[in-house]
Structures are given as C-alpha cells and as structure tokens.
Amino acid sequence: MTAEATAAETAARPGEPLVVLDHVDKHFGSLHVLQDIELTVNRGEVVVVIGPSGSGKSTLCRTINRLETIDDGSITLDGEPLPAEGKALARLRAEVGMVFQSFNLFAHKTILENVTLGPTKVRGMKKAEADKLAKELLDRVGVGHQADKYPAQLSGGQQQRVAIARALAMQPKVMLFDEPTSALDPEMIKEVLDVMVDLAKQGMTMVVVTHEMGFARTAADRVVFMADGAIVEENTPEEFFTNPQSARAQDFLGKILKH
Amino acid sequence: MGPVIDNLDLYWSGFLQSLEFILWCLVGSLLVGTVMAAFRVSPVPSLRALAVAYVNVFRNTPLTIVLFFMAFGLPELGINQSYFFFAALGLILYTGAFVCEALRSGVNAVPAGQAEAARALGLTFTQSMRQVILPQAFRSAIPPLGSVQIAMFKNSAVAGAFGIGGDLYSVGKTLTSARGYDYVPVLTGVAIGYLIITLTAAALLTLLERKVAIVR
Ligand SMILES: Nc1ncnc2c1ncn2[C@@H]1O[C@H](COP(=O)(O)OP(=O)(O)O)[C@@H](O)[C@H]1O
Ligand SMILES: [Mg+2]
C-alpha cells in the first residue's frame, strides 16, 4: 500500500528532478574519489551506475543519503539541500531507502522486527500497524513465511529481499542499491532482480549500482558510466551497451561482455 | 566449622547485606558503564573526552584509593551519606570504567554495516545505539562483562573493609576480633558466602550467553 502510494504520487509528477548532484567533489585523503559530479535523477526514473571497481560508484551512492559527506558542490533531494547532521539528517535518510551489497540486516532482530523497526521508531507508527505493513511487504518480496526467523537462518537472496522490504517500509522517495546482487550465489540473483524490476515498473525512483546488464536493459531509463571518480558517459541502456562512446566504456564493456 | 554453625543467622544476614550491596553495584556499574560507552563512541567530541577521562581515572586508580576518597574525601566536601552509599558509589564508578571498556570492545565487534543500516533507515544516533548497536554489543561482551562483575563481587569485600556494615566481611571481623573465634573456620564461612554468590552468577552467565547468542 505504501510503496504504491509513493509510486502513485511519483506517477502524478513524473519527470521532475528528485535527486540533483551539482558539481560534487570528494576526496579520501589524496584520492579524488568524486570529481565534479553532475547527476540528476528524475522522479520515477531508474538510473543504473556502472563502472570498474574503485571508480567511486559506492561513494557516489552513499553521498545521496550522506553516509559519506562531500567536500564541495551540493546535493538536493526534492529541492531541499541535504542537512549536515542531527535530526534533520535522520529525517532525510528516512526518505531515502538504501540496500547494501552485504544486506546488513539487524542480526539480533527477527525478519519482521527488521522491517518494523524503522516505521515504529522513526515514523512513530503503532506496532500493530507496522506489523501489518511489514507482513504485506514481506509477502510482496516473497519471504512472508520467514517473518519469525533471524537473518542468519535465511539464504542470501532471501536476506536481500528482506533488506528491500525494510527500506520500502519507510515509504522512501528514492531507493539506492549498491551492488545488491554482488554477494549472492548465481542462483539467487534472479529472485532479487525480479523484485527490483517490479519496483521499477511500479514507478519507484531508483539509483542502482550494478553490473547486471540484463537488469539495466529491462529496467533502466539511463546508464551512467563512471571511471576514476568521474562520470564519463551517460546514455540509454540500449545505446550505451551497443554503441559506447568513450574508450573507457568500450574497454570496460569489452572486459565484462567477454564472459 | 563450629563457629559457622553457631552463627548461621549472623552469616545469613551478612550474606544478604553483601548480596544487596553487590546488586546495587551491579546495576549501577552497568548503567554508568553503558552510558560512558555510548559517550565514548558518540559523534560529540566533548562527550567522548568525558568518557575517556572517566575511564582513565577510574581504571588506573587503585580501588582502595577510590574508596578512601569516597569515604573520607566526599564528607570533607560536605557530602554526607551512609558508608554503604559511599562504598557503593566508589565501587560503581570503579567497576563502571571496566564495564565501559568491555562494552566498547563489544561495540567494536558489531559490524560497521549494522550502524550504517540503522542510520540509513533514519534512526538517530541514540536510537541506533539503543536499538541496534548496544543490544549486539552486550551480547558479544557478555564474557568480559561477566569477568568484570565477578571481580566486582570480590572487590565488594574490600568495600566491606571500609565499613558497609553488617556484610560478610564485617561478620568475619566481628567473629574473629570481638568474639575471639579462630580465623580459619570463620573466614572459610565468609569465603563460602562469596563463592555461593560468584558461582551462581557464573552459572547464570553461561545460561544467558547461550540464550542470547547471535548467529551471523
Ligand atoms: N572510507 C574510505 N577511506 C579511504 N578510501 C576509500 C574509502 N572508501 C572508498 N575508498 C576508496 O575510494 C575509491 C572508490 O571506492 P568505491 O566508491 O567503493 O568504488 P566502487 O564502488 O566503484 O568500487 C577506491 O579507490 C577506494 O579504495
Ligand atoms: Mg562499490
């Protein structure tokens, strides 16, 4: 119900800029990890970020909910600049769902509690209501029958789907995925991608760092190619994969398409 | 064991008094240590500095000096309380420093992704600590926390020497010096009293550890 509500809202105002990165720079010591990044993600859009390891994809993703700070430039969500710290920052993060490569489910809480924690503690939702919402979301990602188990009792693919449900429970405006299938055994990748494709179809705004070309081709509106901390190329998936413009992208695609 | 059998009621009341003292110190030191551990890892520099100073002072000062200060220093500063209170305060502050360090190692054992996931959901620092980090830190810190608390049980006898009054230590002292009983049987009785407390605690700890273990 909730994600649908967000999706409906999104569908009502599609195409408006939702996340805007403007001249964003970041260093890790002497490493210039993000270089003058310009990126706009519009409402309802699915942007796939692709690029060699170490090119700054995770860092980029993490600046959008300020898990990483930036040195220069600005990031706005729905027109508002990201707050620097404190309660305002916490409120902002509640609007941005994040799915990590390593799932990061709360190890001491059941699957159901993992999903209800945010709604009850951050949104002040009543437990009964949060339980109902969580069960709906868990059903939707296909792990409803695992609600009372602990994360370690689930397979990686199941854990990642719970992580998606946990993020959705906050009714986020945008979802960030940082290599959500990279830690999964091959046979579990599809079940997670299927959930993500569904989400994309329902109009969720998504930023997805992934090397899954199949996902990019079916679900992405745009592919952003990064190398050495910079956005080198931006295009539709079809154009990007069949006709990459930059030498870096051609080289990279040559390597990953070989197998 | 004649003296023990003859004075079982005295031992029993001493045992209860020691137990009460220990329970106060247990709760107090866990509270103080938890708050200080949260300060220690907080993003606020002044809170971190406070926690570091606290741990450094109380972990590196001999317990007897801490107790002397409480029992004789605080009254000179115009703070008047019972010796029970002063001794408990001293032992709480002393033990709290070790609790803080045990918990901090527990916090460090919680994978960084747990805190990130909590923050990404929109939990504030305090909420992340209470809901996600500390519950896991406590679980992995149970063995060191257990050692710290068992050391505290035994240190309560030192506090007893400062005059909690009516505890196991003073029972031993009364029976030997005022009533002239032999040391060995009297102190054996005292030791048994402490052993009952520590061994029970150790058994409870093992149960607790099994019950709350986290599988990752
Ligand atoms: N916390 C950090 N401190 C220092 N360097 C970091 C940190 N996080 C990432 N880096 C470095 O920044 C670069 C980009 O990292 P990352 O954003 O994780 O790349 P990607 O996700 O594209 O593989 C890498 O060289 C990495 O070693
Ligand atoms: Mg990465």
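Residues numbered from 1 in each chain as written. Chains lettered and ligands numbered in written order. Predicted model: local features only at pLDDT ≥ 70, side-chain atom pairs only at ≥ 80, totals over all residues. Heavy atoms only, no water.

What's the story with the packing of helix 5 (residues 127-140) of chain A against helix 6 (residues 156-168) of chain A in this structure? I'm lost.
To describe two helices that pack against each other, one gives the angle between their axes and the distance between the axes. All names here are of chain A. Two elements in contact, helix 5 and helix 6, have axes whose closest approach is 9 Å; the angle formed by their N-to-C orientations is 140°. In this view, helix 5 runs oblique relative to helix 6, as classed from their interaxial angle. Considering how the two elements wind past one another, helix 5 and helix 6 form a crossing that is right-handed. Contact residues: helix 5 offers Leu 137, Leu 138 and Arg 140, while helix 6 offers Val 162, Ala 165 and Leu 168. Of the residues belonging to the contact of helix 5 with helix 6, the class tally is five nonpolar, no polar and one charged. (Axes fitted to C-alpha atoms, helices over the stretch in contact; angles between N-to-C directions. Helix = DSSP H or I, 4+ residues; strand = E, 2+ residues; numbered from the N terminus. Parallel < 35°, antiparallel > 145°, perpendicular 65-115°, else oblique. Left-handed = near helix turned anticlockwise from the far one by under 90°. Contact = heavy atoms within 4.5 Å. Nonpolar A, V, L, I, M, F, W, Y, C, P; charged D, E, K, R; others polar.)

What should I look at first to understand the environment of A:Val232 in this one?
Tracing the chain through its elements places A:Val232 in strand 10 (residues 230-235). For A:Val232, the contacting residues outside a window of four places in its chain are A:Phe225, A:Met226, A:Ala227 and A:Ser246.

How should I be thinking about helix 6 of chain A in this particular structure?
Think of an α-helix as turning once every 3.6 residues; residues three or four places apart then point the same way. Its 13 residues place the ends of helix 6 of chain A 18 Å apart at the C-alpha level, agreeing with the 18 Å of an ideal helix rising 1.5 Å per residue. Of all 13 residues in helix 6 of chain A, 13 are buried; the element is thus mostly enclosed. (Expected span 1.5 Å × (residues − 1). Buried < 20%, exposed > 50% of the residue type's maximum accessible area, 1.4 Å probe, protein only.)

Explanation requested: the state of the cysteines in the structure shown.
All names here are of chain B. Throughout the structure, instances matching the rule amount to zero disulfides over all chains. Cysteine Cys 100 is unpaired, with the sulfur of Cys 25 as its nearest cysteine sulfur at 17 Å. Its relative accessible area of 0% is what places Cys 100 among the buried residues. (Disulfide = S-S within 2.5 Å.)

I'm lost on the UniProt feature "domain: ABC transmembrane type-1" (unreviewed entry) in chain B in this one. Help?
Mapped onto this structure's residue numbering, the UniProt feature "domain: ABC transmembrane type-1" (unreviewed entry) falls at residues 15-205 of chain B. For residues 15-205 of chain B, the helix share is 85%, the strand share is 0%, and the end-to-end C-alpha distance is 21 Å. (UniProt positions renumbered as here; feature names shortened; annotations may be inferred.)

Can you walk me through the environment of B:Asn7 in this structure?
Residue and element names in this part refer to chain B. Looking at where Asn 7 falls in the secondary structure, it is placed in the loop between helix 1 (2-6) and helix 2 (8-40). Sequence-wise, Asn 7 and Ile 79 are 72 residues apart; in three dimensions their C-alpha atoms are separated by 36 Å. For Asn 7, the contacting residues outside a window of four places in its chain are Leu 175, Arg 179 and Tyr 181. Within the structure, the side chain of Asn 7 is placed 3.2 Å from the side chain of Arg 179, a separation counted as a polar contact. (Polar contact = N/O pair within 3.5 Å; in protein donor to acceptor, adjacent residues only side chain to side chain.)

Teacher, can you tell me more about the site of ligand 1 here?
All names here are of chain A. Neighbouring ligand 1 are Phe 28, Leu 31, Val 33, Pro 52, Ser 53, Gly 54, Ser 55, Gly 56, Lys 57, Ser 58 and Thr 59. Here an oxygen atom of ligand 1 and a backbone polar atom of Gly 54 are 2.7 Å apart. One of the side-chain nitrogen or oxygen atoms of Lys 57 is found 2.8 Å away from an oxygen atom of ligand 1. For ligand 1, the protein covers 57% of the area, taking 560 Å² as the surface of the free molecule. Considering every element that reaches the shell around ligand 1, the biggest residue donor is helix 2 (residues 57-63), with three residues. In terms of residue class, the shell around ligand 1 is built from four nonpolar, six polar and one charged. (Near = heavy atom within 4 Å. Areas by Shrake-Rupley, 256 points an atom, 1.4 Å probe, with all protein chains shown as cover.)

Please explain the interface of chain A and chain B as it appears in this structure.
A common way to state how big an interface is: give the accessible area lost once the parts meet. In this complex, chain A contributes 23 residues to the contact, which on the side of chain B involves 20 residues. Both faces considered, chain A and chain B share a buried interface measuring about 1,900 Å² in area, 63% of it formed by carbon and sulfur atoms. Taken together, the links from chain A to chain B amount to one salt bridge. A salt bridge links A:Arg62 to B:Glu116; the nearest nitrogen and oxygen atoms lie 2.6 Å apart. In this assembly, chain A and chain B are joined by seven residue pairs in polar contact (both at pLDDT 80 or more). Those elements giving two or more residues to the side of chain A that touches chain B turn out to be helix 3 (86-94), strand 6 (96-99) and helix 4 (111-121) of chain A. Among the elements that line the side of chain A that touches chain B, the one with the most residues is helix 3 of chain A, at four residues. The residue inventory of the side of chain A that touches chain B, partitioned by class, reads 13 nonpolar, four polar and six charged. (Buried area = accessible area lost by both parts, 1.4 Å probe. Salt bridge = Lys/Arg side-chain N within 4 Å of Asp/Glu carboxyl O.)

Honestly, the layout of surface pockets in this entry has me stumped. Any pointers?
A probe as big as a water molecule, rolled over the atoms, marks out the empty space that is left. Roughly 880 Å³ of internal volume is contained in the largest pocket. For the largest pocket, the lining is made up of 32 residues, of which A:Arg93, B:Pro43, B:Arg119, B:Thr124 and B:Phe125 are closest to its centre. Where the lining of the largest pocket is concerned, the elements lending two or more residues are helix 3 of chain A together with helix 2, helix 5 (83-109), helix 6 (112-121) and helix 7 (125-140) of chain B. In terms of residue class, the lining of the largest pocket is built from 19 nonpolar, seven polar and six charged. Size it by volume and the second largest pocket reaches roughly 470 Å³. If you go around the second largest pocket, you meet 20 residues; those closest to its centre are B:Leu26, B:Leu30, B:Gln149, B:Leu205 and B:Leu208. (1 Å grid on protein atoms, 1.4 Å probe; cavity = no way out; pocket = protein on both sides within 12 Å on 5 of 7 lines; lining within 4 Å. Points joined across faces, edges and corners; volume = space filled by probe spheres on them.)

For this particular structure, what's the right way to read helix 7 of chain B?
At B:Ile133, helix 7 of chain B shows its largest bend, some 45°, and a proline, B:Pro135, comes one to four positions later. Among the residues making up helix 7 of chain B, those that are buried are B:Ser128, B:Met129, B:Gln131, B:Val132, B:Ile133, B:Leu134, B:Pro135, B:Gln136 and B:Ala137. For helix 7 of chain B, the secondary structure elements touched by its buried residues are helix 4 of chain A together with helix 2, helix 5 and helix 6 of chain B. (Bend = angle between axes of the 7 residues up to and from the residue.)

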